[in-house]
Amino acid sequence: MSEVFEGYERQYCELSANLSRKCSSTSHLSDQDQKQQSLSEIKVGLDDADVLIRKMDLEARSLQPSVKANLLAKLREYKSDLTKLKKEFKRLTSPTADQAAREDLLEAGMADAHAVSADQRERLTMSVERLHDSSDRIRESRRTMLETEELGVSILQDLHQQRETLLSSHKKLHGVDDAIDKSKKVLTTMSRRITRNKWVVASLIGALVLAIVIILLYKLSH
């Protein structure tokens with residue numbers, strides 16, 4: 001509960017008790033001067049009580065809805081109490097009972113009108129607050145949706161980049177495979193040439209040896 005509201009509440013309770021005692025004692029006074037002085041003090045006290053009621057009302061309506069509802073319920077009780085004190089004051093100051101009764105009826109009608117108006121204002125305030133809460137929730141949901149959408153777009157971009165990287169790597173591997181195949185073909189061709197050259201050299205050497213043998217046999221025979 002608000003400390004400010006509690007301060008106003010204590011002041012009002014003390015003032016209300018004091019006004020109730022004064023009204024009770026004033027009704028038994030026979031001296032007119034004393035009675036007028038007491039009535040003047042009661043009038044000042046009622047004005048102060050009105051001020052405290054208004055302060056409590058403003059303070060209660062500035063708080064959170066969960067706290068405000070309880071404080072406004074208390075405030076309605078204090079307003080009813082103040083209305084009774086005002087009725088008692090009117091009775092003490094009215095010259096005739098009929099006039100006092102008419103003023104009581106008028107005061108009751110005005111109090112009921114104020115109570116209805118206060119209830120309507122309270123309901124309107126609560127409706128506006130609920131509307132604000134709903135708007136805040138909608139804005140929060142929209143913000144979350146936008147963040148989710150941005151995250152999805154970022155993930156898709158990352159996946160696209162990864163796909164491009166994989167395709168590039170695949171192309172590079174394919175190029176390496178082609179290079180290896182070409183190298184194998186070159187090595188095979190070189191190996192064949194080396195083998196062929198070996199056979200050529202061996203044939204030449206064999207021919208030379210054969211020629212030498214033939215020459216030697218020819219010389220020996222002659």
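The chain has the name Vesicle transport v-SNARE N-terminal domain-containing protein in an unreviewed UniProt entry, where Arachis hypogaea is given as its organism. Its UniProt record, at the heading Sequence similarities (unreviewed entry), says of the chain: "Belongs to the VTI1 family." Within the UniProt record for the chain, the comment given under Subcellular location (unreviewed entry) is "Prevacuolar compartment membrane".

**Remarks on the side chain of K35**
By the secondary structure assignment, K35 is in helix α2 (residues 32-61). An unpaired buried charge is present at K35: no salt bridge exists, and E88, the closest side chain of opposite charge, is 9.6 Å distant. Once residues within four sequence positions are removed from consideration, K35 is found in contact with T26, L29 and L92.

**Description of the UniProt feature "transmembrane region" (unreviewed entry) in the chain**
In the UniProt entry, the feature "transmembrane region" (unreviewed entry) is given for residues 199-218. Across residues 199-218, the secondary structure splits into 100% helix and 0% strand, with the terminal C-alpha atoms separated by 28 Å.

**Overview of the packing of aromatic side chains**
Tallying each qualifying case throughout the model produces one aromatic pair. Plain terms: the ring middles of Y12 and Y78 are 5.3 Å apart, the flat faces sit at 50 degrees to each other, and that makes the pair tilted. Of this pair, Y12 sits in helix α1 (residues 3-26) while Y78 sits in helix α3 (residues 65-93), and the two are 66 residues apart along the sequence. You'll find Y12 and Y78 in the same group, each marked buried.

**Side note on the confidence of the model for the chain**
Fine structural detail should not be taken from predicted coordinates in areas where pLDDT scores are low. Model confidence for the chain is summarised by a mean pLDDT of 82, while 85% of its residues fall at 70 or above. Per-element averaging of pLDDT across the chain places helix α4 (residues 97-221) at the bottom with 78 and α2 at the top with 91.

**As for the packing of α1 against α3**
Two elements in contact, α1 and α3, have axes separated by 11 Å at closest approach and are oriented at 25 degrees. Judged by the inter-axis angle, α1 sits roughly parallel to α3. For the crossing formed where α1 meets α3, the hand is left-handed. Here F5, E9, Y12, C13, S16, L19, S20, C23 and T26 of α1 lie close against α3, whose contacting residues are L71, K74, Y78, D81, L82, L85, E88 and L92. Its residues assigned to classes, the contact of α1 with α3 shows ten nonpolar, three polar and four charged.

**Some words on the packing of α1 against α2**
Interhelical geometry of α1 versus α2 gives an angle of 155 degrees and a closest axis separation of 9 Å. Considering their axes alone, α1 and α2 lie roughly antiparallel with respect to each other. In terms of crossing hand, the pair formed by α1 and α2 is left-handed. Looking at side-chain class alone, the contact of α1 with α2 contains 15 nonpolar, four polar and seven charged residues.

**Examining the pattern of salt bridges**
In this structure the tally under the stated criterion is seven salt bridges. Across the salt bridge formed by R91 and E88, the nearest N and O atoms sit 2.5 Å from each other. Of this pair, R91 and E88 both sit in helix α3, three residues apart, roughly one helical turn. Using a relative accessible area of 26% as the deciding quantity, one classes E88 as partly exposed.

**Topic: the nonpolar core**
In terms of nonpolar packing, the biggest core is built from 21 residues, with Y12, L19, I42, L46, I53, M56 and L82 touching the most fellow members. At the level of elements, α1, α2 and α3 are the ones that each hand at least two residues to this core. Each residue touching I42, except ones within four places of it in the same chain, is listed here: L19, K22, C23, T26, F89 and L92.

Reading the values: rules and limits
- Residues numbered from 1 in each chain as written.
- Predicted model: local features only at pLDDT ≥ 70, side-chain atom pairs only at ≥ 80, totals over all residues.
- Heavy atoms only, no water.
- UniProt positions renumbered as here; feature names shortened; annotations may be inferred.
- Helix = DSSP H or I, 4+ residues; strand = E, 2+ residues; numbered from the N terminus.
- Buried < 20%, exposed > 50% of the residue type's maximum accessible area, 1.4 Å probe, protein only.
- Lys, Arg positive; Asp, Glu negative; His and termini not counted.
- Salt bridge = Lys/Arg side-chain N within 4 Å of Asp/Glu carboxyl O.
- Contact = heavy atoms within 4.5 Å.
- Phe/Tyr/Trp six-rings, centres within 6.5 Å; stacked < 30°, edge-to-face > 60°.
- pLDDT = per-residue confidence, 0-100.
- Axes fitted to C-alpha atoms, helices over the stretch in contact; angles between N-to-C directions.
- Parallel < 35°, antiparallel > 145°, perpendicular 65-115°, else oblique.
- Left-handed = near helix turned anticlockwise from the far one by under 90°.
- Nonpolar A, V, L, I, M, F, W, Y, C, P; charged D, E, K, R; others polar.
- Core = buried A, V, L, I, M, F, W, Y, C linked by side-chain atoms within 4.5 Å.

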